[in-house]
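Okay, here's what each chain looks like letter by letter:
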Amino acid sequence: MQAKDSNPPDGGYGWVVVVSAFMVMGLTVAVLKTFGLFFVEIQQHFDELASTTSWITSVTIAVFHLGAPVASSLCVQYSHRTVMITGGLLAFSGMALGFFGFNMVWMYATTGFLQGLGISFSWTPAISIVSHYFSKKRALANAIVSAGECAFAFTFGPFFQWLISQYGWKGALLIIGGIQLNICVCGVLMRPLAKDKSPFIHKSFNWMLVRRPEFMLYAIFGILAAMSFFVPPLFLVPLSYSLGIDESWTASLLSILAMVDFGGRLLCGWYANLHVTKTIHLLAMTITLISTSLMLLPLANNYLSLAIFTGFYGFFFGTTVAIHITALADVVGMPEFDSALGLFMLIRSTGGFVGPPLIANGFLEGLKQNSLKTVLQRSQ
């Protein structure tokens, strides 16, 4: 039972909701985005293969997506506020229990499953409620919210590296979990929209959206995006190491990624808000550009070229992420948006689940070749 407002305020308290959602993006997706800094530490601690270690992130991404329909359904039945507070507690639990680090299976269950569920129960209501508060300014509001992960990732890169150097990777996980408890505070600020005179309207989760061809085509885009667009940041750190780049410079790559990503989101959100180009057409252009930048990755062989690639990739990634939720709302319409968001994330989970391990196999071969070249160059 939840109130739906046929005329979104497009401002007012909606901007408080935007700021809260902005914070949630930083405390969830930004943490996931910079988790690559833990990759080598965890791999060396358990003496496991890169593909085995990457399953931690795979589980996180998959559960993040798989939990979205559940989160959406709970938002419909209860409130965005309740679901988000629950998400904050789950995210904290995942990191806090990961501190014990008994074995790799334990890491899958804690920093993988629990963290992923916490992110899902925090991210989904945050994105959903913003779209309900805004109509004409929806593209701009969603872009500002999505920029939260970039703003936080910009500082999380060097901050997480410092935490690892001072407290070890286990201690860093515990501290990060404590920081994620602030999601609960953001959840309290998510005031539900209510009609002044009309009674509450009952709404159920609509699974029948899978019969709509336009929604399924958009879902296929989501699968391919999860398999490719979201993977590079996870392997950026080990790739830089293989090229012989100093550890201190490696963290700067994540900061560069965050800065240009941030700029791309705000710029694209502003442009989309002008309504000059249809959102779906704008999305098609950004997808073409980010795909091109990914194909240029093999050309990177030093810090400068890797930084340039990171810049192009980050900017076009930001433009894509800034409008893909707004495009989904345009495809299905706001009455079905909550259900569509949950189903979209569920279907997209297949790409997030198989993407990192699949790419890790090819990535390992590339690392071996790069490492061999680095050794030969230094021996000459």
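Residues numbered from 1 in each chain as written. Predicted model: local features only at pLDDT ≥ 70, side-chain atom pairs only at ≥ 80, totals over all residues. Heavy atoms only, no water.

**Brief notes about unusual backbone geometry**
Now for step 1: A positive phi angle is found at Asp-47, which is not glycine, with a value near 55°.
Now for step 2: Mapped onto the elements, Asp-47 comes out in the loop between helix 2 (36-46) and helix 3 (50-66).
Now for step 3: Phi is positive for His-275, which is not a glycine, with a value near 60°.
Now for step 4: Assignment of secondary structure puts His-275 in the loop between helix 11 (247-273) and helix 12 (279-295). (Helix = DSSP H or I, 4+ residues; strand = E, 2+ residues; numbered from the N terminus.)

**Quick word on the packing of helix 7 (residues 138-180) against helix 13 (residues 303-332)**
Now for step 1: Look at helix 7 against helix 13: their axes get within 9 Å of each other, and the N-to-C directions meet at 135°. With respect to helix 13, the axis of helix 7 lies oblique. Like other packed secondary-structure pairs, helix 7 and helix 13 cross with a definite hand, here right-handed. Facing Arg-138, Ala-139, Asn-142, Ala-143, Ser-146 and Glu-149 of helix 7, the residues of helix 13 in contact are Phe-317, Val-321, Ala-322, Ile-325, Thr-326 and Ala-329.
Now for step 2: In the contact of helix 7 with helix 13, the residues fall into 7 nonpolar, 3 polar and 2 charged. (Axes fitted to C-alpha atoms, helices over the stretch in contact; angles between N-to-C directions. Parallel < 35°, antiparallel > 145°, perpendicular 65-115°, else oblique. Left-handed = near helix turned anticlockwise from the far one by under 90°. Contact = heavy atoms within 4.5 Å. Nonpolar A, V, L, I, M, F, W, Y, C, P; charged D, E, K, R; others polar.)

**Comments concerning the pattern of salt bridges**
Now for step 1: If you walk through the whole model with that rule in mind, you get 5 salt bridges.
Now for step 2: With a closest N to O distance of 3.0 Å, Glu-214 and Arg-212 form a salt bridge.
Now for step 3: Overall, Arg-212 belongs to the partly exposed group, its relative accessible area being 25%.
Now for step 4: One salt bridge connects Arg-265 with Asp-261, and the closest N-O pair in it is separated by 2.7 Å. (Salt bridge = Lys/Arg side-chain N within 4 Å of Asp/Glu carboxyl O. Buried < 20%, exposed > 50% of the residue type's maximum accessible area, 1.4 Å probe, protein only.)

**What about the nonpolar core?**
Now for step 1: One finds Phe-38, Ile-42, Trp-123, Val-130, Phe-215, Leu-306 and Leu-328 to be the most contacted residues of the largest nonpolar core, which totals 96 residues.
Now for step 2: Those residues in contact with Leu-328 that sit more than four places away from it in its chain are Phe-215, Tyr-218, Phe-337, Ala-340, Leu-341 and Phe-344.
Now for step 3: Counting residues in each nonpolar core, the second largest holds 9 residues, with Val-59, Val-63, Val-83 and Leu-114 among its members. (Core = buried A, V, L, I, M, F, W, Y, C linked by side-chain atoms within 4.5 Å.)

**Here we look at the side chain of Asn-142**
Now for step 1: Tracing the backbone shows Asn-142 in helix 7.
Now for step 2: Side chain to side chain, Asn-142 and Thr-326 meet in a polar contact 3.1 Å long.
Now for step 3: Those residues in contact with Asn-142, other than ones at most four positions away along the chain, are Ile-127, Val-130, Ser-131, Ala-322, Ile-325 and Thr-326. (Polar contact = N/O pair within 3.5 Å; in protein donor to acceptor, adjacent residues only side chain to side chain.)

**Remarks on the environment of Ser-255**
Now for step 1: Among the secondary structure elements, Ser-255 is positioned in helix 11.
Now for step 2: Along the primary structure Ser-255 and Thr-310 are separated by 55 residues, whereas in three dimensions their C-alpha atoms are 9.8 Å apart.

**Observations regarding helix 2**
Now for step 1: Turning to helix 2, its buried residues number three or more, namely Gly-36, Leu-37, Phe-38, Phe-39, Val-40, Ile-42 and Phe-46.
Now for step 2: One or two positions beyond helix 2, positive phi appears at Asp-47, with a value near 55°.

That's the geometry; what it means functionally is another story.
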